[in-house]
Amino acid sequence: ADPAQPMEAPERTEMVAVIRLVLPYPVSTNRYWRTYQPRGFKAPVTTLSEEAKAYKREVGLIARAAGVRQPLQGFVRVSMWLVPHAPQDVAKRMRAQPQTWPLGVQSLDLGNCEKVVCDALNGIAWGDDRQIEDLRIQRAPPGQKGLIVEFEEFVPAWLQAPDLFGEVAA
C-alpha cells in the first residue's frame, strides 16, 4: 500500500478530521525503556530512557506544529506506516530479487514500533493508548526513514450495532 494514500477504512458514520503526522523513525524497544535496581530497593525499576524522552519530546513538537492542541477524548482509530531506510544498493537488490528484496532491509518489528509510537503519543494525540479501538500498521516501501501516523476519533461499530447476544449496546 502507498503510505501517501490512506488505508481503506471501515465505513464511517460521521465525518471527522483525520490528523496526519510524519514522525522520525521510532526508537527501538531495546533502547526505549531502562531497567535498573536502585540501591536499597528490593525490585528493579523501569523508566523511560533519555533517548525515549527525547523521542517523545520531538513527537510532541511535531504534533503541536500540526495543530494538535489537546488529546482526543473518545475512542481512536490509528493507521501507521513504518518507512525503513532505502539502502544505497536498492537498484541492485531490486534486479537480483524483484519480489523479496525488501525482506533484507533493516527495519523495526511492527509490534515493537506500534508500542513505542503509541506510548510516545500518549497524552498528546490521545489521553491513553487504551482508547485505541482500531489499529492498523504496515511497513511502507523503503524510502526516507520515518513513520507516518494518521489518527481520528470515532465510534466503534460495537457501540452502534447489536452485540454478540443480539441486544443493542447501551
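Heads up: the structure comes first, above all this text.
Quick look at the structure, then. (Residues numbered from 1 in each chain as written. Predicted model: local features only at pLDDT ≥ 70, side-chain atom pairs only at ≥ 80, totals over all residues. Heavy atoms only, no water.)

1. Here we look at the side chain of Arg77
Mapped onto the fold, Arg77 is located in strand S4 (residues 76-83). The class of Arg77 is buried, set by a relative accessible area of 6%. A distance of 3.1 Å separates the side chain of Arg77 from the side chain of Asp134, its partner in a polar contact. (Helix = DSSP H or I, 4+ residues; strand = E, 2+ residues; numbered from the N terminus. Buried < 20%, exposed > 50% of the residue type's maximum accessible area, 1.4 Å probe, protein only. Polar contact = N/O pair within 3.5 Å; in protein donor to acceptor, adjacent residues only side chain to side chain.)

2. Brief notes about a nonpolar patch on the surface
A cluster of nonpolar side chains, Val155, Trp158 and Leu159, forms an exposed patch at the surface whose accessible area comes to about 250 Å². When you line up the elements, Leu159 lands in helix H5 (residues 157-160). According to the relative accessible area criterion, Leu159 is partly exposed, its value standing at 31%. (Patch = residues over 30% accessible without salt bridge, like charges linked within 9 Å, V, L, I, M, F, W, Y side chains within 5 Å. Areas by Shrake-Rupley, 256 points an atom, 1.4 Å probe, with all protein chains shown as cover. Salt bridge = Lys/Arg side-chain N within 4 Å of Asp/Glu carboxyl O.)

3. A closer look at the environment of Ala91
Mapped onto the secondary structure, Ala91 falls in helix H3 (residues 90-96). Owing to a relative accessible area of 41%, Ala91 belongs among the partly exposed residues under this scheme. For the pair Ala91 and Trp101, spaced 10 residues apart in sequence, the C-alpha separation works out to 9.8 Å.

4. Comments concerning the nonpolar core
In globular proteins that are soluble, nonpolar side chains generally tend to be buried together. Counting residues in each nonpolar core, the largest one holds 29 residues, and the members touching the most others are Leu121, Trp126 and Phe151. Of all the elements in the fold, those that place two or more residues in this core are strand S1 (19-23), helix H2 (50-65), S4, helix H4 (110-121) and strand S6 (146-153). Looking at this core element by element, the count peaks at 6 residues for H4. (Core = buried A, V, L, I, M, F, W, Y, C linked by side-chain atoms within 4.5 Å.)

5. Some details on the pattern of salt bridges
Applying the stated criterion to the full structure yields 9 salt bridges. Measuring nitrogen to oxygen at the nearest pair gives 3.1 Å for the salt bridge that ties Arg77 to Asp134. With a gap of 57 residues between them, Arg77 in strand S4 and Asp134 in strand S5 (residues 132-139) connect regions that are remote in the sequence. Across the pair, exposure class does not vary: Arg77 and Asp134 are buried alike. Of the charged contacts in the structure, one is a salt bridge between Arg130 and Asp128, with a shortest N-O distance of 3.8 Å. Taking relative accessible area as the criterion, Arg130 reaches 71% and is therefore assigned exposed. Residue classification places Asp128 among the partly exposed residues on the basis of a relative accessible area of 31%. Three or more residues joined by partner-sharing salt bridges are found here, namely Arg77, Asp134, Arg136 and Glu152.

6. Digging into the packing of H2 against H4
Look at H2 against H4: their axes get within 9 Å of each other, and the N-to-C directions meet at 60°. Classified by chirality, the crossing of H4 by H2 is right-handed. Residue-level inspection shows Tyr55, Lys56 and Val59 of H2 in contact with H4, the latter providing Val116, Val117, Asp119, Ala120 and Leu121. (Axes fitted to C-alpha atoms, helices over the stretch in contact; angles between N-to-C directions. Left-handed = near helix turned anticlockwise from the far one by under 90°. Contact = heavy atoms within 4.5 Å.)

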